[in-house]
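Coordinate analysis (summary)
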Amino acid sequence: MKTPLIILFTIFALAISVMAQTKPGTPSADVSSIDGILKAVYDVISGDAGQTRDWARFRSLFHKEARLIPTGKAGKSGGYNATVLTPDNYIARVEPVFAKQGFYEREKARRVERFGSVAQVFSTYESFHGPKDEKPFMRGINSFQLFYDGRRWWVMSIFWQAETAETQIPSEFLKNKS
């Protein structure tokens with residue numbers, strides 16, 4: 001009788017030890033750091049033409065009140081406009097484009113400013129149609145606003161502008177801030 005009791009006690013102790021090491025609700029690598037969440041955003045939107053993106057993963061990176069805000073020329077007026085999108089609006093907007101052409105976005109440089117649970121990241125990007133392309137078809141800067149809730153990082157907003165002939169990316173944003 002002693003042997004089965006000792007075996008049962010040993011199994012119980014091991015189970016408690018394993019549970020203590022793998023806490024439920026531990027954030028994934030995607031959201032456990034600023035680096036992780038930025039890499040996840042770039043990874044999830046990148047893929048070949050017709051490749052279905054993992055939109056559930058994409059949505060999991062964003063706070064429930066998050067916004068994506070592309071800016072661009074406002075037509076003949078010479079000014080600029082901004083379009084405010086939810087993550088679902090963004091998905092609806094890009095799915096038809098991604099169905100027809102490959103889109104790979106890579107981070108070229110990053111500048112991070114953080115205070116407490118708030119981080120502002122200027123992430124210079126380059127966009128390609130294929131993973132082996134050497135010359136980007138577009139470049140720009142993504143301005144990420146991130147929030148740390150004590151357990152994980154959330155994207156609160158991505159506000160971006162593509163580079164144009166009139167608005168070139170300054171050299172200081174083409175290399176990481178030291």
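Above this text you will find the structure in question.
What counts as what
Throughout this description, residue numbers start from 1 for each chain and increase along the sequence as written. Selection of residues for local features in this predicted model requires a pLDDT of at least 70, selection of side-chain atom pairs for listing and counting requires 80 or more, and totals for whole chains, interfaces and linings are taken over all residues. Just so you know, side-chain values use all the structure's heavy atoms and leave hydrogens and water out. Helix and strand assignments come from DSSP, with helices taken as H or I runs of at least 4 residues and strands as E runs of at least 2, each series counted from the N terminus. When checking whether two residues touch, look at their non-hydrogen atoms; a contact exists if any pair is within 4.5 Å. What we call a nonpolar core is a set of buried Ala, Val, Leu, Ile, Met, Phe, Trp, Tyr and Cys residues that are connected through their side-chain atoms within 4.5 Å. Exposure classes here rest on a 1.4 Å probe applied to the protein chains alone. A residue is buried below 20% of its type maximum, exposed above 50%, and partly exposed in between. Centres within 6.5 Å make a pair out of two Phe, Tyr or Trp rings, where for Trp the six-membered ring is used; the pair is then stacked when the planes are under 30 degrees apart, edge-to-face when over 60, and tilted otherwise. A ring is considered to have a charge above it if a Lys NZ or an Arg CZ atom is located within 6 Å of its centre and within 35 degrees of its normal.

Side note on the environment of Gly-50
Among the secondary structure elements, Gly-50 is positioned in the loop between helix 2 (34–45) and helix 3 (55–60). Placed 51 residues apart in sequence, Gly-50 and Gln-101 show a C-alpha to C-alpha distance of 7.1 Å. Apart from residues lying up to four places away in sequence, Gly-50 is in contact with Phe-98 and Ala-99.

Quick look at the nonpolar core
Within the largest apolar cluster, 30 residues are counted, with the highest numbers of intra-cluster contacts made by Phe-58, Tyr-90 and Leu-146. At the level of secondary structure, the elements contributing two or more residues to this core comprise helix 2, helix 3, strand 1 (62–73), helix 4 (87–100), strand 4 (118–128), strand 5 (138–148) and strand 6 (153–162). Ranked by the residues each element gives to this core, the list is headed by helix 2, at eight residues. In contact with Leu-146, not counting residues within four places along its chain, are Ile-34, Ile-37, Leu-38, Ser-117, Val-118, Ala-119, Val-121, Trp-153, Trp-154, Val-155 and Met-156.

Details of the packing of aromatic side chains
Applying the stated criterion to the full structure yields 10 aromatic pairs. Look at Trp-55 and Phe-98: their rings are 6.4 Å apart centre to centre, the planes differ by 5 degrees, and that puts the pair in the stacked class. With Trp-55 in helix 3 and Phe-98 in helix 4, the pair connects residues that are 43 residues apart, well separated along the chain. Considered together, Trp-55 and Phe-98 belong to a single accessibility category, that of buried residues. Pairing Phe-122 with Phe-173 gives two aromatic rings, centres 5.4 Å apart and planes at 50 degrees, and the pair type is tilted. Placement of the pair is Phe-122 in strand 4 and Phe-173 in the segment after strand 6, with a sequence separation of 51 residues. The class of Phe-173 is buried, set by a relative accessible area of 18%. Sitting over the ring of Phe-128, Arg-106 keeps its end group 3.9 Å from the ring centre. Sitting over the ring of Tyr-148, Arg-114 keeps its end group 5.9 Å from the ring centre.

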